[in-house]
Amino acid sequence: MAVTLEQAQRVGCTCLKALLRFAFMVANNLVAIPSYVLYLIMLQPLRVLDSKSFWYIEGVLFKWLLAMVASWGWWAGYSVVEWGDDVKAVSEDEAMVLVNHQATGDVCTLMMCLQDKGTVVRQMMWLMDHIFKYTNFGIVSLIHGDFFIRQGKAHRDQQLVLLKEHLEKYYRSRNRKWIVLFPEGGFLRKRRETSQAFAKKNNLPFLKHVTLPRLGATQVILKTLVAPQENGTPAGGDAVIKESKSKGLQWVIDTTIAYPKGEPIDIQTWILGYRQPTVTHVHYRIFPVKDVPAEPEALTHWLYQRFIEKEDLLTHFYETGAFPPLQGQTKAISREMTLSNLWLVGIQSLAFLSGGMWYCIFQYFYHCLF
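Just so we're clear, the structure is a prediction, and the values are computed from it rather than from any experiment.

## Overview of the overall build of the chain
Helix and strand counts for the chain come out as 11 helices and 10 strands. Scaling as 2.2 N^0.38, a compact globule of 370 residues should have a C-alpha radius of gyration of about 21 Å, and the chain matches this with 22 Å. Dimensions of the chain along its principal axes, counting C-alpha atoms only, are 70 × 65 × 45 Å. Burial analysis of the chain (370 residues in total) assigns 48% to the buried set. Taking contacts inside the chain between residues at least 6 apart in sequence as the whole, the part at least 24 apart equals 78%.

## With respect to the side chain of Arg21
With respect to the helices, strands and loops of the structure, Arg21 is situated in helix α1 (residues 5–42). Although Arg21 is buried, it makes no salt bridge; Asp266 carries the closest opposite charge, 11 Å away. A polar contact of 2.9 Å, which involves the side chain of Arg21, links it to the backbone oxygen of Trp270. Not counting the four nearest positions on each side in its chain, Arg21 is found in contact with Trp72, Gly73, Trp75, Ala76, Trp270, Ile271, Leu272 and Gly273.

## Topic: the sheet that holds strand β5 (residues 178–181)
The 8 strands are arranged β4-β3-β5-β2-β8-β9-β1-β10 in an open sheet whose pairing can be described as mixed. Strands at the two margins of the open sheet, each flanked by one partner only, are β4 (147–149) and β10 (334–337). Neighbouring strand axes in the sheet, compared pairwise and without regard to direction, differ in orientation by 25 degrees on average. As paired strands, strand β3 (residues 124–129) and β5 are joined by 3 bridges and run parallel to one another. Paired with Met125 across the two strands is Ile179, which belongs to β5. Seen against the sheet, helix α4 (residues 105–113) touches β1 (78–84), β2 (95–99), β3, β5, β8 (251–258), β9 (278–288) and β10 and runs at an angle of roughly 75 degrees to β1. Helix-sheet contacts for helix α10 (residues 296–320) involve β2, β8 and β9, and the interaxial angle to β8 is about 35 degrees.

## With respect to a positive patch on the surface
The grouping of Lys153, Arg156, Lys201 and Arg214 at the surface amounts to a positive patch. Along the chain, Lys153 falls in helix α6 (residues 153–171). Accessibility expressed as a relative area gives 72% for Lys153, which makes it exposed.

## Points about the packing of α1 against helix α3 (residues 51–74)
Between α1 and α3, the least distance of the axes is 11 Å, while the angle of their chain directions is 180 degrees. As far as their axial angle goes, α3 and α1 are roughly antiparallel. Along its contact with α1, which presents Arg21, Phe24, Met25, Asn28, Asn29, Ala32, Ile33, Tyr36, Tyr39 and Leu40, the element α3 presents Phe54, Glu58, Leu61, Phe62, Leu65, Met68, Trp72 and Gly73. Class assignment for the residues of the contact of α1 with α3 results in 13 nonpolar, 3 polar and 2 charged.

## Section: the confidence of the model for the chain
Here the chain averages 90 in pLDDT, while 94% of its residues score no lower than 70. Per-residue pLDDT stays below 50 along residues 230–244; that stretch engages in 20 contacts with residues further than four places along the chain or on separate chains.

## Observations regarding the packing of aromatic side chains
Considering all chains together, one arrives at 10 aromatic pairs under this definition. Aromatic side chains Tyr78 and Trp270 sit 6.1 Å apart centroid to centroid with 40 degrees between the ring planes, which places their arrangement in the tilted category. Placement of the pair is Tyr78 in strand β1 and Trp270 in helix α9 (residues 267–272), with a sequence separation of 192 residues. For the pair Tyr78 and Trp270, one class covers both residues: buried. Ring centres of Phe317 and Tyr318 lie 5.7 Å apart, and the angle between their planes is 70 degrees; on these two criteria the pair is classed as edge-to-face. With relative accessibility at 3%, the residue Phe317 sits in the buried group. In this structure an aromatic cluster arises from ring pairing among Trp83, Phe317, Tyr318 and Phe323.

## Thoughts on the nonpolar core
Leu110, Leu114, Trp126, Trp178 and Ile253 are the most contacted members of the largest nonpolar core, which has 58 residues in total. Counting residues per element, this core draws most heavily on α3, at 12 residues. Ignoring anything within four residues of it in the chain, the contact list for Trp126 reads Phe62, Leu66, Val107, Leu110, Met111, Asp146, Phe147 and Val180. Counting residues in each nonpolar core, the second largest holds 25 residues, with Leu167, Val220, Leu222 and Leu303 among its members.

## Some words on unusual backbone geometry
At Asn175, a residue that is not glycine, the phi angle is positive and equals roughly 55 degrees. With respect to the helices and strands, the residue Asn175 is situated in the loop between α6 and β5. Looking at Asn175, the relative accessible area reads 37%, which means it is partly exposed. Although it is not a glycine, Lys261 sits at a positive phi angle of roughly 65 degrees. With respect to the helices, strands and loops of the structure, Lys261 is situated in the loop between β8 and α9. Judged by its relative accessible area of 75%, Lys261 is exposed.

Rules behind the numbers
Residues numbered from 1 in each chain as written. Predicted model: local features only at pLDDT ≥ 70, side-chain atom pairs only at ≥ 80, totals over all residues. Heavy atoms only, no water. Helix = DSSP H or I, 4+ residues; strand = E, 2+ residues; numbered from the N terminus. Rg over C-alpha atoms; globule rule 2.2 N^0.38 Å. Buried < 20%, exposed > 50% of the residue type's maximum accessible area, 1.4 Å probe, protein only. Contact = heavy atoms within 4.5 Å. Lys, Arg positive; Asp, Glu negative; His and termini not counted. Salt bridge = Lys/Arg side-chain N within 4 Å of Asp/Glu carboxyl O. Polar contact = N/O pair within 3.5 Å; in protein donor to acceptor, adjacent residues only side chain to side chain. Pairing = 2+ DSSP bridges. Axes fitted to C-alpha atoms, helices over the stretch in contact; angles between N-to-C directions. Patch = residues over 30% accessible without salt bridge, like charges linked within 9 Å, V, L, I, M, F, W, Y side chains within 5 Å. Areas by Shrake-Rupley, 256 points an atom, 1.4 Å probe, with all protein chains shown as cover. Charge placed at Lys NZ, Arg CZ, Asp CG, Glu CD. Parallel < 35°, antiparallel > 145°, perpendicular 65-115°, else oblique. Nonpolar A, V, L, I, M, F, W, Y, C, P; charged D, E, K, R; others polar. pLDDT = per-residue confidence, 0-100. Phe/Tyr/Trp six-rings, centres within 6.5 Å; stacked < 30°, edge-to-face > 60°. Core = buried A, V, L, I, M, F, W, Y, C linked by side-chain atoms within 4.5 Å.

Below, the structure written as structure tokens:
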């Protein structure tokens, strides 16, 4: 079929825009990430003298970096509408966030929609595939204290031990509040067939829009971060504890990401912006951690139920274009998540000014030495 002049112009315009966006993203990374690292190197004396203040500053810089990633999608017209419980109400408490996983864009979507949730972004820890360590953002995640988990049966037991050690060493010492993980252990398209075969073998529900989650990391997080029981009740639920002690993990936030027509956004699309403006829908449901069973078999059942509910939520969304109302509601309420363009421009400007400043400093010392 012959290509019309108008179609050729449209394709050319899209390619040019994608090229310019890619060039901006590369420049953005080249100034923002080294600046983040260099600022923290300069602040190492503060880390020794006042660790709390150091990690506060690091968290602010980390949030700004994630805001830059969010801006790439925001300016391409990739926005978010939120449904379900209002997670801002628990933004100052410790929480574990369970998310379904469809594509690389899921992480970018969370980076965007959590920006307006108080201190969450600067105080959160991510669990992600170890391959992420070798990306441009890997050095940032390493410094921030995120955990890179290696998938596969051969590594599973060792990784869970390492996760426990990592949480004990870094979670509270760096004043982390939220921890984000993808319990499915991989992308939907890669795990669906295996998950369906496992479900059939074990007489479990047939799932199309999610896969059955894995228990390991969730169990380790609960065992490590939930405060010890007091009078038979987990602290952070109804128990009263001393202010000097952490209340421990208090909430589990079941988060479901839905893309129109079930077509997820990947990181390439997020960066290049060649897809038409898209609204991603994010549904939250909050559970008190005291209602989550600790015993492995009961926890497995509880976790499976969350993903069976996700399947129902996504089925309803793909059929109607909206999530169903919460229990007790007659109508589902949605909230459009917004970002301030002025704030995003300010952060981007600061990144480029910082890059220029560090360049001038290195040039000065280079001429002084040579």
